[in-house]
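Observations on the model geometry
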Amino acid sequence: MSIAVRLPDDSLRPLAEGATGVDLAAGIGSRLLEAALAIRQDGRLSDLKSPLIDGAKVEIVTSKDPESLELIRHSTAHLLAHAVKRLHPEARVGIGPVIEDGFYYDFWVDKPFTPEDLPAIEAEMRKIAGEAVEVVREDLGRDAAVARFQAMGEPLKVEIVSGIPSGDIISGYRQGDFYDLCRGPHVPNTSKLKAFKLLTTAGAYWKGDEKNQMLSRIYGTAFHTQKELDEHLKRLEEAKARDHRKLGKELGLYSFHPEAPASPFFHPKGTVVYNELVTYIRELYFKYAYSEVITPQILDVALWKTSGHYDNYAENMYFTTAEEREYAVKPMNCPGHCILFGSQKHSYRDLPIRYADFGRLHRYERSGVTHGLTRVRTFCQDDAHIYCTPEQIKDEMAAFLALLKEVYDTFGFEGMRVALSTRPEKRLGSDEIWDAAEHALGEALDEAGMPYTLNPGEGAFYGPKIEFQILDALKRPWQLGTLQVDYMLPERFDLAYTRADGGEGRPIMLHRAILGSLERFMGILVEHTAGAFPAWLAPVQVAVLPITDRAHAFSAEAADRAKALGLRVELDGRNESLKAKIRDAQLAKVPYMLVVGDREAEAGTVSVRHRHRGDLGVQPLGDFLEGLAAEVRERRR
RNA sequence: GCCAACUUAGCUCAGCUGGUAGAGCAGCUGAUUCGUAAUCAGCAGGUCGCAGGUUCGAAUCCUGUAGUUGGCUCCA
């Protein structure tokens, strides 16, 4: 008996019955056998050692295959667990999946692993890889698997396997004395794992549930070659160098202090950037017909009970009492806007009404979740609420999408992705209302021709939402904008408008933001630009650098003229060398430097240096200043 | 909130197994007047996060606490 499989070049290859991918690869060539990691039969990835199916389309998977990286990482996770079991036989294994950029493995140990433990474990991994231990699939019935893991003293594995229906076949893999539950596939032997690194340790709950056992997690990554691994580690370094917490301190933008945990102090330079962002959004609000309002910071608790925040969000709110009356510090602007809307009679002719608010918000975030500027306890959103009729939702969405695109384009963000989040478990309102709201958003997106993904159960408690995600300069995704439909608050605040027929209509409320939190946006922007803000945002837009004292008078004149044009200029009159002044201006990421020596002072010119483009040559002072003023006015990138 | 690590001068960091704190940069003073990423010299600067404890003696060991960091979890 013999079988035949079809190769990618469409040729048929006859093989003996029971032949595996190993036989196939070996038959084609020893180089291929060496490179082979797995096979794909009729589109399904499986072990190199799995038997070939007669008539199947088969390809040998090598490192060139995109899916093979996942395979390598998964096998490396097993290698990690194998090494840990050798060094720490008492450790109980959890799970070890592949994640973006690497893998992790969870262990139940008395003493959690620390970074100091990693070199020894990594060395053991290299040892096992060097031993070229065969990786063999061993399938077991459910009950046999439970028995085996019980015998091995692996309670977590027993728990997983026990959750699988009795009678099912469970796949597992053995490499030497290590056996693990796994769907596979895996590399044929451990020598295929050549480029890996353990990165960090962390605590993690079993099954991600805080009520469960805390396990010790080891993170690592793996690649096909050392070169790819090195490049990845270099990228990590680059991201670290752009960390907004580090750059914010270095550039003197903001700082954090124990007196107000997770709450930024914006220094003068950071405040310039912050205010420029607000000014920009304000200008767009004028263009897009929003009305800015200012509402109180502290409001009666009764308001938050009406809005539903008290019941759903109290654990994240700050409370205060005065004259025996209980107040809450606002965690969002919406209820205040509802009071505003309800304070007057509205005609259908007035709608939509768009209230924008840069009010400061406070939310109590649990101590472990705060992070630099991206997760803080006090912040401000480019927040606005639109009150409109059901018929106006689509137009409002279209206008918002245009606004959103304009803003993201200004900052050079690309690759926008859109997600529609639907009803969560903890929510207000009837299913009928949710049906209508979810439908309205989906339809509007369809009409705008925007592809989107669904996030079931991720909506806000008062309504479904659309989230807009962009990619920064390092191609990292960030969620910035959001648009949420809210049928609940108008109901709870009994908001109304007079319809054309004289009857009363209930407005629909749209919550929307483009940048999200200004604090968080600033952090993202710092990482996106590596601190080199475009001229319109730069805290110092131009530095004047006199070479000698003789150039001081003209330098001062240059600075004054820049200031008269509204430019943020700094005159570096220190008794330092030109080299030193340039270095300091470069490190401060000042976009333009004007070198002024005897020649320039004499001719009324400046020698222009750009932080990235270097020496741009000599220009008349007036020409340069006008050019820069235009660059700033147009908010060029 | 949970697990772990970290916290020393304004900043970045040294400080071996406990013997009573050190560098570079920044700052100040002086000299130097200089052409596209650090001129030279001198001076000054710290209750070693905070509170207890062990010890003849604590930056160092122990306990507690705060903040930060990496994760978990959460995220209107």
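Here the structure is a predicted model, which is why all the values come from computation and not from measurement.

1. A look at the pattern of salt bridges
- For the coordinates displayed, the defined rule picks out 44 salt bridges.
- With its nearest N and O atoms 3.9 Å apart, the salt bridge here joins Lys-127 to Glu-124. Placement of both Lys-127 and Glu-124 in helix α4 (residues 118–130) is noted, with a separation of three residues, approximately one turn of the helix.
- Given a relative accessible area of 47%, Lys-127 falls into the partly exposed group.
- Looking at Glu-124, the relative accessible area reads 11%, which means it is buried.
- Here Glu-250 makes a salt bridge to Lys-246, at a shortest N to O gap of 3.1 Å. Here Glu-250 pairs with Lys-246, and both are found in helix α8 (residues 244–250), just four residues apart, close to one helical turn.
- Taking the relative accessible area as the measure of exposure, Lys-246 reaches 39% and is therefore partly exposed.
- Three or more residues are tied together by salt bridges with common partners; here these are Arg-40, Glu-59, Asp-65 and Glu-67.

2. Side note on the packing of helix α13 (residues 393–411) against helix α14 (residues 431–447)
- Here α13 crosses α14 at 55°, and the two axes come no closer than 10 Å. With respect to each other, α13 and α14 are oriented oblique. Pair α13 / α14 crosses with right-handed handedness. Residues Ile-393, Lys-394 and Met-397 of α13 pack against Ala-440, Leu-441, Glu-443, Ala-444, Leu-445 and Glu-447 of α14.

3. Digging into the protein's contact with RNA strand B
- Lining the immediate environment of RNA strand B, one finds 53 residues, of which His-309, Asn-575, Arg-583, Glu-600 and Ser-607 sit closest.
- Within 4 Å of the protein, atoms of RNA strand B come from sugar and phosphate in 49% of cases.
- One of the side-chain nitrogen or oxygen atoms of Tyr-219 is found 3.1 Å away from a sugar or linking oxygen of RNA strand B.
- In this structure, Arg-550 approaches RNA strand B through a side-chain N or O atom, which is 3.3 Å from a sugar or linking oxygen.
- Of all elements in the fold, only β14 (195–205), β15 (214–223), α8, α11 (309–313), α18 (578–587), α19 (598–603) and β35 (605–610) reach the threshold of two or more residues within the surface near RNA strand B.
- Here the surface near RNA strand B is composed, by residue class, of 19 nonpolar, 16 polar and 18 charged.

4. Section: the UniProt feature "binding site: Zn(2+)" (unreviewed entry) in chain A
- Within the UniProt annotation, "binding site: Zn(2+)" (unreviewed entry) is assigned to Cys-334, His-385 and His-511. Spanning 178 residues, the named residues nonetheless gather at one spot, since no C-alpha pair among them exceeds 7.9 Å.
- By the element assignment, Cys-334 lies in helix α12 (residues 334–342).
- Contact partners of Cys-334, with chain neighbours within four places excluded, come to His-385, Tyr-387, Leu-489, Met-509 and His-511.
- Mapping His-385 onto the fold places it in strand β24 (residues 378–388).
- Taking the relative accessible area as the measure of exposure, His-385 reaches 0% and is therefore buried.
- Once residues lying within four places of it in the same chain are set aside, the contact partners of His-385 are Asn-333, Cys-334, His-337, Ile-353, Arg-354, Tyr-355, Met-509, Leu-510 and His-511.

5. Thoughts on the pairing of strand β2 (residues 12–16)
- In the sheet, strand β1 (residues 2–6) pairs with β2 via five bridges, with the strands oriented antiparallel. In the strand pairing of β2, Val-5 is matched with Arg-13.

Criteria and thresholds
Residues numbered from 1 in each chain as written. Chains lettered and ligands numbered in written order. Predicted model: local features only at pLDDT ≥ 70, side-chain atom pairs only at ≥ 80, totals over all residues. Heavy atoms only, no water. Salt bridge = Lys/Arg side-chain N within 4 Å of Asp/Glu carboxyl O. Helix = DSSP H or I, 4+ residues; strand = E, 2+ residues; numbered from the N terminus. Buried < 20%, exposed > 50% of the residue type's maximum accessible area, 1.4 Å probe, protein only. Axes fitted to C-alpha atoms, helices over the stretch in contact; angles between N-to-C directions. Parallel < 35°, antiparallel > 145°, perpendicular 65-115°, else oblique. Left-handed = near helix turned anticlockwise from the far one by under 90°. Contact = heavy atoms within 4.5 Å. Near = heavy atom within 4 Å. Polar contact = N/O pair within 3.5 Å; in protein donor to acceptor, adjacent residues only side chain to side chain. Nonpolar A, V, L, I, M, F, W, Y, C, P; charged D, E, K, R; others polar. UniProt positions renumbered as here; feature names shortened; annotations may be inferred. Pairing = 2+ DSSP bridges.

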